[in-house]
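Residue-level listing of the chains:
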Amino acid sequence: MRPFTDKEWLLALLAASLVLWLIFLGNLPLRDWDEGTYAIVAREIYRNGNWLYPTLQGEPFLLKPPLMQWLIALCYDIAGVQEFTTRFPGAVLTALGVPLLYIVGRLVFLESLPALFSALVYLTMLPVVRHGRLAMLDGMTISFFLLLLFCLLKARHHQKFALGVGFCLGLITLTKGMLVVVLGGIAGLFILVNRQLTVLKNPYLWVGMLLGNAPAIAWYVAQYQHYGDAFLQVHFQAQALDRLGTAVEGNTGPPWYYLLEILKYGFPWLLFLPGGLYLSWKKRQTAWGCLILIGTIFYLGIISLMRTKLPWYVMPIYPFLALAIGVNLTEMWQKNKLNVKALTVLFAALFVVACGGCAYFLIADPQPSLIIMSIVLAITMGMTAWLIKQQNHKFIPVLFAGMYLVLALLMSSQSWVWELNETFPAKPVGALIRANVPGGTQIYTSFAYGRPSVDFYSDCKVTAAPVPVLQEMLARKSYLLLDKDAMQKINLSNSKVKGESEGFTLIAP
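Read on for a plain summary of the structure.

1. Overview of the overall build of the protein
Here is step 1 of the chain: Assigned secondary structure in the protein consists of 23 helices and seven strands.
Here is step 2 of the chain: The C-alpha atoms of the protein give 25 Å as radius of gyration, which agrees with the globular expectation for 509 residues (23 Å, within 12%).
Here is step 3 of the chain: Judged by the C-alpha coordinates and their principal axes, the protein covers about 80 × 60 × 45 Å.
Here is step 4 of the chain: Buried positions account for 54% of the 509 residues belonging to the protein.
Here is step 5 of the chain: In the structure as shown, the protein presents an accessible area of about 22,400 Å², 65% of it carried by carbon and sulfur atoms.
Here is step 6 of the chain: Averaging the coordinates of the 38 positive side-chain charges in the protein and doing the same for the 26 negative ones gives two points 11 Å apart.

Given below as structure tokens:
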């Protein structure tokens, strides 16, 4: 049987990633905060046609650039306002990162096996898949960055590819704003350390910089002209600079916060990361060793020093970790070099954990897909431990296939957006409001904080307020959404109960 060509591997990886990112994409409601917020902004663009100056509940939306919201609005126009269309653009663009990582790996490794292993690791990383399916900015930003690296590497031999570098930087800017400085810095450091200075003399690079960044620059100029210093204060100061030195909205943590995030969600691939980083250091003079070390150290160092800590800030590091793990797996496959005793014990421990998960899901959360998922995970970990003990390198395809199936089962369950369990369901409460209150109405609630997802599903602005303010708003003929405790504290005479949902009562004046 002949080996697969690069084109065939790319098509296979694209198909596998699209299946994993798109199955049951709309089976769960949108979560707070970003998903609900971007959905509202996109819906207002879709309804009002105001593409240049997006709004959130009628107020200027200055927090983020508009590319994601534009794409969601286009999907709304084609297929309607729903969860699937909200998540579709980000999911597809994140899925493209898998074949993109393969071609980047192919260019730095100069052989297909480590590139393939790296792409398959990236395909089967839980944070990459789960987060990329949400209507958030990080997955698509990573794909634009991988496309940038591809253009940069191809430009070594085909100058015209340097045009793409500028366009990718422009796309990153229109997606995540100031993150372009960090990702552009990684690309710049890679050029310097890997001694590819001839790229800087390439005229196509600078033409691409001019043309590719022109739309982003034009958008920023338009915002400043329209909003003045308020735009600079919100978009740059509050959203970027303040997060470096202060813990915005209490989102703080120790410098090792992101190491813990990687430890929590990086298994089982994390077991192969130390060996991959060691090989990268050993071969640091190569393009792949240089790229892995610069990307990992530079990016992890910056986000670790930032005072504001949020889980998704770590996402851009996963392609570099996947490349390092792919290198180590290739070494094990080709040279059969592996620490048999340690890996056997560790995978046996993961087998025990998976069996415990199976027992938990049988008792506490008996969803068939989760039960089957835990069984598949236990079988995969058990077979991997056994094959490693036999010093059989076929444990690698077993691990890839098992983890892919595990993730597919998780994404088909009702639990892949587990943050939805942290508070009351937004969709039924939103449906209650939507059925009884005119769209766009201001509503006040006794809930502890406002929730963009409730705003989205209700098509109203639901504002959290203390009891005295709620009483005052009722006197001013406003609608209230009250929990049982607030119901007992507020004088509801001359008011009407319109309905109840999830422990909340909708009160009409």
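2. Re the nonpolar core
Here is step 1 of the chain: By size, the foremost hydrophobic cluster in this structure holds 163 residues, and its most contacted members are Trp269, Phe272, Leu329, Phe347 and Ile433.
Here is step 2 of the chain: Considering each element in turn, this core owes the most residues, twelve residues, to helix α19 (residues 395-411).
Here is step 3 of the chain: If sequence neighbours within four positions are ignored, Phe272 has contacts with Ile325, Asn328, Leu329, Met332, Leu343, Phe347, Phe395 and Leu399.
Here is step 4 of the chain: Counting residues in hydrophobic clusters, the runner-up holds ten residues, among them Tyr444, Ala465, Leu482 and Ile490.

3. Considerations on a nonpolar patch on the surface
Here is step 1 of the chain: On the surface, a nonpolar cluster with roughly 540 Å² of combined accessible area is contributed by Leu189, Leu192, Val193, Leu197, Leu200 and Trp206.
Here is step 2 of the chain: The greatest single-element share of the nonpolar patch, amounting to three residues, is contributed by helix α10 (residues 179-193).

4. Side note on the environment of His131
Here is step 1 of the chain: By the secondary structure assignment, His131 is in helix α7 (residues 126-133).
Here is step 2 of the chain: Taking the C-alpha atoms as reference points, His131 and Val406, 275 residues apart in sequence, are found 16 Å from one another.
Here is step 3 of the chain: The residues contacting His131, other than those within four sequence positions of it, are Arg31, Leu126, Met136, Asp138, Trp312 and Met315.

5. A short note on the packing of helix α1 (residues 6-22) against helix α5 (residues 97-109)
Here is step 1 of the chain: Two elements in contact, α1 and α5, have axes separated by 8 Å at closest approach and are oriented at 150 degrees. Comparing their axes, α5 and α1 come out roughly antiparallel. Each of Asp6, Trp9, Leu10, Leu13, Leu14, Ser17 and Trp21 in α1 lies in contact with α5, whose residues at this interface are Val98, Pro99, Tyr102, Ile103 and Arg106.
Here is step 2 of the chain: Each residue belonging to the contact of α1 with α5 can be placed in one class, and the counts come to nine nonpolar, one polar and two charged.

6. Re the environment of Leu100
Here is step 1 of the chain: Structurally, Leu100 can be placed in helix α5.
Here is step 2 of the chain: What makes Leu100 buried here is its relative accessible area of 14%.
Here is step 3 of the chain: Separated by 46 residues in sequence, Leu100 and Leu146 have C-alpha atoms that sit 6.1 Å apart.
Here is step 4 of the chain: Leu100 has contacts with Ser143, Leu146 and Leu147, leaving out every residue within four places of it along the chain.

7. Brief notes about the pairing of strand β7 (residues 504-508)
Here is step 1 of the chain: Counting buried positions over the five residues of β7 gives five, a clear majority of the element.
Here is step 2 of the chain: Bridge analysis of strand β5 (residues 479-482) against β7 gives three bridges, and the strand direction is antiparallel. Bridging from a neighbouring strand, Leu480 pairs with Ile507 of β7.
Here is step 3 of the chain: Note: strand β6 (residues 496-501) against β7, five bridges, orientation antiparallel.

8. Concerning the side chain of Thr124
Here is step 1 of the chain: Among the structural elements, Thr124 can be located in the loop between α6 (112-123) and α7.
Here is step 2 of the chain: With residues up to four places along the chain from it excluded, the contact list for Thr124 reads Trp269, Phe400, Met403, Tyr404 and Leu407.

9. Remarks on the side chain of His235
Here is step 1 of the chain: Inspection of the secondary structure assignment puts His235 in helix α12 (residues 229-245).
Here is step 2 of the chain: Given the relative accessible area of 3%, His235 is considered buried.

10. Focus: the packing of aromatic side chains
Given two aromatic rings, one states the distance between the centres and the angle between the planes to describe the pair.
Here is step 1 of the chain: Tallied over the entire structure, the rule returns 28 aromatic pairs.
Here is step 2 of the chain: A centroid spacing of 6.0 Å and a plane angle of 90 degrees characterise the contact between Tyr53 and Tyr227, whose relative ring orientation is edge-to-face. With Tyr53 in the loop between α2 (34-48) and β1 (55-56) and Tyr227 in helix α11 (residues 203-227), the pair connects residues that are 174 residues apart, well separated along the chain. Like Tyr53, the residue Tyr227 is buried in the burial classification.
Here is step 3 of the chain: Taken together, the aromatic side chains of Phe117, Trp269, Phe272, Trp333, Phe347, Phe395 and Phe400 make up a single cluster linked through ring pairs.
Here is step 4 of the chain: The ring of Trp418 carries Arg130 above its face, with NZ or CZ at 3.7 Å from the centroid.
Here is step 5 of the chain: Lys154 extends its terminal NZ or CZ atom over the ring of Phe161, reaching a point 5.3 Å from the ring centre.

Cut-off values and rules
In every chain, residue numbers begin from 1 and rise along the written sequence. Selection of residues for local features in this predicted model requires a pLDDT of at least 70, selection of side-chain atom pairs for listing and counting requires 80 or more, and totals for whole chains, interfaces and linings are taken over all residues. Hydrogens and waters are ignored; side-chain quantities use all the structure's heavy atoms. Secondary structure elements follow DSSP: runs of H or I of four or more residues count as helices, runs of E of two or more count as strands, with numbering from the N terminus. Each radius of gyration is computed over the set of C-alpha atoms, and the globule rule expresses the reference value as 2.2 Å times the number of residues to the power 0.38. A simple rule labels every residue: compare its accessible area, found with a 1.4 Å probe on the protein chains alone, to the largest value its type can have, and call it buried under 20%, exposed over 50%, or partly exposed in between. Residue exposure ignores everything except the shown protein chains as possible cover, and the areas themselves are Shrake-Rupley values with a 1.4 Å probe. Only four residue types enter the charge count: Lys and Arg as positive, Asp and Glu as negative, with His and the chain ends excluded. Where a charge lies is defined by one atom per residue type: Lys uses NZ, Arg uses CZ, Asp uses CG and Glu uses CD. Nine residue types can take part in a nonpolar core, namely buried Ala, Val, Leu, Ile, Met, Phe, Trp, Tyr and Cys, and a core is a set of them joined through side-chain atoms within 4.5 Å. In this description, contact between two residues means that some pair of their heavy atoms is separated by no more than 4.5 Å. Residues enter patches when their relative accessible area tops 30% and they take part in no salt bridge; the joining distance is 9 Å for like charges and 5 Å for the nonpolar side chains Val, Leu, Ile, Met, Phe, Trp and Tyr. Put simply, a salt bridge is a Lys or Arg side-chain nitrogen that is within 4 Å of an Asp or Glu carboxyl oxygen. Only the stretch in contact is used when a helix axis is fitted, and all axes are lines through C-alpha atoms; the angle between N-to-C directions ranges over 0 to 180 degrees. What sets the label is the angle itself: under 35 degrees gives roughly parallel, over 145 gives roughly antiparallel, 65 to 115 gives roughly perpendicular, and the rest give oblique. Gly falls in the polar group here, along with every residue not listed as nonpolar (Ala, Val, Leu, Ile, Met, Phe, Trp, Tyr, Cys, Pro) or charged (Asp, Glu, Lys, Arg). Paired strands, in this sense, are two strands between which DSSP finds at least two bridges. Classification of ring pairs uses Phe, Tyr and Trp, with its six-membered ring standing for Trp, and accepts pairs whose centres are within 6.5 Å; under 30 degrees between planes counts as stacked, over 60 as edge-to-face, and the remaining range as tilted. A ring is scored as having a charge over it whenever the NZ atom of a lysine or the CZ atom of an arginine sits within 6 Å of its centre and within 35 degrees of its normal.

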